[in-house]
Amino acid sequence: MAKFIFVTGGVLSSVGKGVVSASIAMLIKAMGYNVTAIKIDPYINVDAGTMNPYAHGEVFVTEDGGETDLDLGHYERFLNMNLSKKNNITTGQIYYSVIMKERKGEYLGATVQIIPHITDEIKNRIIEIAREYGADFTIVEIGGTVGDIEGLPFLEAARQMRLEHGPTNTLFIHVALVPTLRTTGEQKTKPVQHSVQELRRIGIQPDIIIARCERPLEPEARRKIALFGNVSPEAVFSDHDVETIYEVPLLLHEQGILRVICNKMNVEYREPDLSKWIEFVTKLKSASKRVRIAMIGKYTKLKDSYISIIEAIKHGSAYLGIKPEFVWIESTDIEAGKIRVEDTLKDVHGALILPGFGKRGTEGKIAALKYLRENNIPTLGICFGFQMMIIEFARNVLGLENANSTELDPNTPHPVVDLLPSQRGIEMLGGTMRLGAKPIKLIRGTRVYEAYGRDVIFERHRHRYGVNARYLDKFEDAGMTVSGFSYDGVIEFMELRDAEFYVGTQAHPEFKSRPLAPSPLYMHFLRFVLRRALNP
Ligand code: GLN
């Protein structure tokens, strides 16, 4: 069985298509079918790795080292499975491979065109991924909004797949915003009507329409969407605001989305097993132990820049009964003297030093770290945040004046963080960092070992710089000890021996944290945060 479900978006981007796609994938999987999910990003970048997090949010890293769109993170968290970098298709990748084929002479004699060459390449990739996963169902989310010029070849490929694979093997779901007028409280369906018209104009009739709205979709709005969208009222679903995104699958299931999908695709309906998921959502919503966690970074204005970290904290918190309050601290504000470290940090119960690139904001992070370390506040440094911990310690404890990372100061007298040897000589910037999952050996008797309880773990990476091993003896002597390293020589974890919890990691454990499998490291950090909140 190979069925394909295409998810398109209307009216606005960021309407929650990713969560809807992940939810549908998860529900179908819960019926016992094999599922995979693909995100299509119609931009020309080959991958998300070269984009600023301000533009598109976090770059999600897959096990096999893909730098992908953050929706892959939703898919992995909802499906509780690893996906490959292949599951994120971009215009850049499609054109790249068509152009390479043309140069090799694979289309000899032909004029290479969008239809059929680009659309064939798109269809072949989707089918190949479905085959590799042995997927009964492949959910294909088409990024952007219907009507965007750059999305057209992908929609055209989807239209052709409907024709070639037939109506029971393909399904179109359209997710669109239904705004509410504040003055009258009325739900307005005209934008949805227009975006469905736009779809139909290019030959796609949606089978299901999901209305993204603030409050439950009203019967009158449903009737209009069904009529003008040319679907039955049972095929219109309400995706209204809920407390957490993890409720969205339950919301859609309550309304019977699986039965509609199964009927239209002519497959057997099976009662999905959602017991563990419901248990998690219940824990998440009923958690009541309040803690305050400082989130210190420089992309704090767009929270999507740190989405996997936020979710990892939520996962661990649910199991510990914690209701975290995030205290966002823009490190450039500390640098500029707009906020004082002691004022903002004096009543937090824990702090996260967030990942990043480049100099801006780093001195602010370092100033915050000095306060956190001296006041024994539970602190977790992620990747760049870890590197800042090393610099702060080198300057203020080891007395290495102007110690720095060569990323930030190439002429520092004490390069305690330096370009990895494996990165020397690399000139191309796309896809060349140290990426993906690597085995890490943990050292017994450390906080990190306590967290994982295992000798060897796998965590994902995305960096070029790392702790300079030349300084390790000095750090060890002063109580900053290595708690894990990888076989290629990278220092993966360090921690302050006498602290409650002062741990840095070169890895990104947040990428593997899931509702049904929370990250052990985040969870352990949260135990100490809770302890501090209970005995300040
Ligand atoms: N800029 C740092 C490096 O390349 C850290 C990257 C990160 O935080 N992901 O090593």
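The sections below set out a description of the structure shown in this document. The structure presented is a predicted model; accordingly, all values stated were derived computationally and were not measured.

**Points about the overall build of the protein**
- For the protein, the helix and strand inventory stands at 19 helices and 21 strands.
- Against the compact-globule benchmark of 24 Å for 536 residues, the protein has a radius of gyration of 25 Å, which places it among compact chains.
- A total of 536 residues make up the protein; the buried ones form 58% of that total.
- Restricting to contacts in the protein with at least 6 residues of sequence separation, those with at least 24 account for 73%.
- Looking at the protein as shown, the accessible area adds up to about 22000 Å², and 52% of this sits on carbon and sulfur atoms.

**Observations regarding the environment of Arg460**
- On the secondary structure map, Arg460 appears in strand 17 (residues 456–463).
- Its relative accessible area of 0% is what places Arg460 among the buried residues.
- Considered as a pair, Arg460 and Ile261 are 199 residues apart in the sequence and their alpha carbons are 35 Å apart.
- Within the structure, the side chain of Arg460 is placed 2.8 Å from the backbone oxygen of Val61, a separation counted as a polar contact.
- A polar side-chain atom of Arg460 sits 3.1 Å from a polar atom in the side chain of Glu76.

**A few points about the pairing of strand 10 (residues 289–297)**
- Relative to strand 11 (residues 322–330), strand 10 is paired through nine bridges, and the arrangement is parallel. Bridge pairing in strand 11 links Gly297 to Glu330.

**Considering the pattern of salt bridges**
- Applying the stated rule across the entire model yields 39 salt bridges.
- Two residues, Asp207 and Arg162, come together in a salt bridge whose shortest N-O distance is 3.1 Å. Of this pair, Asp207 sits in the loop between helix 7 (190–201) and strand 8 (208–213) while Arg162 sits in helix 6 (residues 152–165), and the two are 45 residues apart along the sequence.
- According to the relative accessible area criterion, Arg162 is partly exposed, its value standing at 21%.
- Here Glu500 ties to Arg531 by a salt bridge, and the two come within 3.6 Å at their closest N and O atoms. Of the two residues, Glu500 sits in the loop between strand 20 (491–496) and strand 21 (502–505) while Arg531 sits in helix 19 (residues 520–534), which places them 31 residues apart along the sequence.

**Overview of the packing of aromatic side chains**
- Considering all chains together, one arrives at 16 aromatic pairs under this definition.
- Seen from their ring centres, Tyr306 and Trp328 are 6.1 Å apart, and the 20 degrees between their planes marks the pair as stacked. Taken as a pair, Tyr306 in the loop between strand 10 and helix 12 (307–320) and Trp328 in strand 11 lie far apart in primary sequence, 22 residues in all.
- Given a relative accessible area of 24%, Trp328 falls into the partly exposed group.
- Ring geometry for Tyr452 and Phe493: centres 6.1 Å apart, planes at 65 degrees, overall edge-to-face. With Tyr452 in helix 17 (residues 447–452) and Phe493 in strand 20, the pair connects residues that are 41 residues apart, well separated along the chain. Considered together, Tyr452 and Phe493 belong to a single accessibility category, that of buried residues.
- Aromatic ring contacts, followed pair by pair, group Phe78, Tyr246, Trp277, Phe280 and Tyr319 into a single cluster.
- A cation over an aromatic ring shows up here: Arg259 above the ring of Tyr269, its NZ or CZ 3.8 Å from the ring centre.
- The aromatic ring of Tyr33 is capped on one face by Arg270, whose charged end is 4.0 Å from the ring centroid.

**Here we look at the pairing of strand 1 (residues 3–10)**
- Of all eight residues in strand 1, eight are buried; the element is thus mostly enclosed.
- Where strand 1 lies against strand 6 (residues 137–142), five bridges are found, and the strand directions are parallel. If you follow Phe6 over to strand 6, its bridge partner there is Val140.
- Where strand 1 and strand 7 (residues 170–177) come together, seven bridges link them in parallel fashion. Note on strand 7: the bridge partner recorded for Gly10 is Ala176.

**So, the sheet that holds strand 9 (residues 236–240)**
- Sheet architecture is open: seven strands sit in the order 5-2-6-1-7-8-9, paired in parallel fashion. The strands lining the two open edges of the sheet, one partner per strand, are strand 5 (88–90) and strand 9. On average, each strand axis in the sheet is tilted by 20 degrees relative to the strand beside it, whichever way the strands run.
- Where helix 1 (residues 17–30) meets the sheet, its contacts fall on strand 1, strand 2 (35–41), strand 6, strand 7, strand 8 and strand 9, and the angle it forms with strand 6 comes to roughly 175 degrees.
- Strands strand 8 and strand 9 of the sheet are contacted by helix 8 (residues 219–229), whose axis makes an angle of about 130 degrees with strand 9.

**Regarding the packing of helix 3 (residues 70–79) against helix 12**
- Taken N-terminus to C-terminus, the directions of helix 3 and helix 12 make an angle of 20 degrees; their axes are 10 Å apart at the nearest point. Judged by the angle between their axes, helix 3 and helix 12 are roughly parallel. Between helix 3 and helix 12 lies a crossing whose hand is right-handed. Counting all contacts with helix 3, which are made through Leu70, His74 and Arg77, the residues of helix 12 involved are Ile307, Ser308, Glu311 and His315.
- Partitioning the contact of helix 3 with helix 12 into residue classes produces two nonpolar, three polar and two charged.

**What to know about the environment of Ile149**
- Among the structural elements, Ile149 can be located in the loop between strand 6 and helix 6.
- With a relative accessible area of 72%, Ile149 lands in the exposed category.

**Points about the sheet that holds strand 14 (residues 404–405)**
- Here three strands make up an open sheet; going across it, the order is 14-15-18 and the pairing mixed. The strands lining the two open edges of the sheet, one partner per strand, are strand 14 and strand 18 (465–467).
- Taken together, the two bridges between strand 14 and strand 15 (residues 415–419) define a ladder with parallel strand orientation. Within strand 15, the position partnered with Asn404 by the bridge is Pro415.
- Against the sheet, helix 16 (residues 384–396) touches strand 14, strand 15 and strand 18, its axis set at about 150 degrees to strand 15.

Scoring rules and cut-offs
Residues numbered from 1 in each chain as written. Predicted model: local features only at pLDDT ≥ 70, side-chain atom pairs only at ≥ 80, totals over all residues. Heavy atoms only, no water. Helix = DSSP H or I, 4+ residues; strand = E, 2+ residues; numbered from the N terminus. Rg over C-alpha atoms; globule rule 2.2 N^0.38 Å. Buried < 20%, exposed > 50% of the residue type's maximum accessible area, 1.4 Å probe, protein only. Contact = heavy atoms within 4.5 Å. Areas by Shrake-Rupley, 256 points an atom, 1.4 Å probe, with all protein chains shown as cover. Polar contact = N/O pair within 3.5 Å; in protein donor to acceptor, adjacent residues only side chain to side chain. Pairing = 2+ DSSP bridges. Salt bridge = Lys/Arg side-chain N within 4 Å of Asp/Glu carboxyl O. Phe/Tyr/Trp six-rings, centres within 6.5 Å; stacked < 30°, edge-to-face > 60°. Lys NZ or Arg CZ within 6 Å of the ring centre and 35° of its normal. Axes fitted to C-alpha atoms, helices over the stretch in contact; angles between N-to-C directions. Parallel < 35°, antiparallel > 145°, perpendicular 65-115°, else oblique. Left-handed = near helix turned anticlockwise from the far one by under 90°. Nonpolar A, V, L, I, M, F, W, Y, C, P; charged D, E, K, R; others polar.

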